[in-house]
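Commentary on secondary and tertiary structure
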Amino acid sequence: MKRLIASVLSVLALAAPAWAQDYPSRPITIIVGVAPGGSLDALARLVGNALSGILKQSVVVENVTGAGGLLGFQRLMKSAPDGYTVMFSNNSMVLIPLLHPQSGIDVVADTAPVGTVANVPMVLSVSNKSAVPDLPTLLARMRSGELRPYLGSGGPGTTAHLAEAMFLRMAGAQGELVQYRGSGPALTDLMAGTIDAMIDQTVTMMPLHKDGRIKAIAVAAKERLPQMPDVPTFAEGGLAQFSLQIWNGLVAPKGTPEAVVDTLARALSEAVATPEFKARIEQLAAQIPPQQERSPAGFRRTLERDQQQLAELARQIGLPAR
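Just so you know, these numbers come straight off a predicted model, no measurement behind them. (Residues numbered from 1 in each chain as written. Predicted model: local features only at pLDDT ≥ 70, side-chain atom pairs only at ≥ 80, totals over all residues. Heavy atoms only, no water.)

The strand order across the open sheet formed by five strands is 7-6-8-5-9, and the pairing between neighbours is mixed. A single partner strand is all that each edge strand has here, and the edge strands are strand 7 (176–179) and strand 9 (215–219). Averaged over all neighbouring strand pairs, the angle between strand axes comes to 30°, with direction disregarded. When strand 6 (residues 150–153) meets strand 7, the two strands line up parallel, connected through four bridges. Considered in strand 7, the bridge of Y150 is made with E176. (Pairing = 2+ DSSP bridges. Helix = DSSP H or I, 4+ residues; strand = E, 2+ residues; numbered from the N terminus. Axes fitted to C-alpha atoms, helices over the stretch in contact; angles between N-to-C directions.)

So, about the packing of aromatic side chains. Under the definition given, this model contains three aromatic pairs. When the centroid spacing of 5.1 Å and the interplanar angle of 65° are considered together, the rings of Y23 and Y84 count as edge-to-face. In this pair, Y23 is assigned in the loop between helix 2 (18–21) and strand 1 (28–32) and Y84 in the loop between helix 4 (70–77) and strand 3 (85–90), connecting sequence segments 61 residues apart. Given the relative accessible area of 5%, Y84 is considered buried. One Lys or Arg, R26, reaches over the ring of Y84 and ends 3.8 Å from the middle of that ring. (Phe/Tyr/Trp six-rings, centres within 6.5 Å; stacked < 30°, edge-to-face > 60°. Buried < 20%, exposed > 50% of the residue type's maximum accessible area, 1.4 Å probe, protein only. Lys NZ or Arg CZ within 6 Å of the ring centre and 35° of its normal.)

Moving on, we come to the sheet that holds strand 2 (residues 59–63). Taken together, five strands build an open sheet; the order of strands is 2-1-3-10-4 and the sheet is mixed. Every other strand in the sheet has two partners, leaving strand 2 and strand 4 (111–120) as the edge strands with one partner each. Across the sheet, the mean angle separating the axes of adjacent strands is 25° when strand polarity is ignored. Here strand 3 runs beside strand 10 (residues 246–253); their pairing, made up of four bridges, is antiparallel.

Extensive coverage of strand 4 is indicated by the burial of ten of its ten residues. Strand direction decides the pairing type here: strand 4 and strand 10, joined by eight bridges, are antiparallel. Looking at the pairing, T111 lines up with P253 of strand 10.

Any functional reading would require information that these geometric values do not contain.
Take a look at the structure:
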């Protein structure tokens with residue numbers, strides 16, 4: 001029996017392509033579906049640098065923007081399933097099939113999840129030119145009709161777009177959702193006062209708030225963040241029902257050999273365990289998910305859950321299909 005088991009294991013080992021056992025032997029490309037300068041791009045570059053050091057290979061971030069992440073995802077699907085082209089994304093990825101039903105995309109079926117690296121709170125910030133001091137004032141002005149704010153996001157179907165549509169619905173008020181090709185350009189206009197407000201992750205909001213270039217007025221967390229102790233929670237500001245946690249993770253194309261996925265997953269797990277990575281994530285007011293959530297199997301469960309829950313939420317708040 002022992003000989004039989006050993007023979008079976010030998011056959012399985014040989015079944016994997018020879019190149020998979022030598023992976024990675026050349027540079028890896030991480031696709032990001034938004035423009036440089038936003039939260040997703042910043043985390044992707046942090047992950048890319050960490051993976052490069054661990055895997056001893058160059059890791060290049062490629063920004064493929066447009067159609068709310070659709071073009072980036074299509075670039076992934078057209079790539080060879082060999083682990084040399086992967087995609088870094090967040091919750092917005094599961095909305096692609098809803099916003100673009102004609103694409104025929106099934107995020108769960110079309111990917112090989114590698115793992116997640118960070119859960120990040122969302123922050124509502126206003127332009128310094130808006131003269132809005134806090135969330136209660138913003139809600140009062142919106143509900144009275146005095147203010148119909150322009151809220152910017154990184155494009156249709158992004159987490160910011162979803163969050164802002166949720167915010168307007170829960171606030172019982174109206175506003176204009178302004179779409180950009182990535183949160184970087186939207187943040188530029190927020191600082192310039194071209195738009196009034198924006199909801200995005202702490203990764204990009206916190207540094208700008210601390211530098212005084214924008215004013216953060218609410219964070220979607222159970223309690224105030226140690227990194228932003230002066231920013232109240234949405235509950236403190238009178239909108240306790242607003243809650244949205246953003247995961248950030250890495251996926252490969254479907255059909256990627258398990259050996260390659262495992263190599264990437266181990267490297268990703270090793271990266272998030274380093275003191276340097278932990279310190280950087282803490283500086284960004286993000287949290288590293290527990291191991292059972294950030295593993296390939298755990299990440300797949302997250303995708304399956306969000307594919308159902310976020311799609312239903314998108315329908316409730318009326319995010320339109322393209």
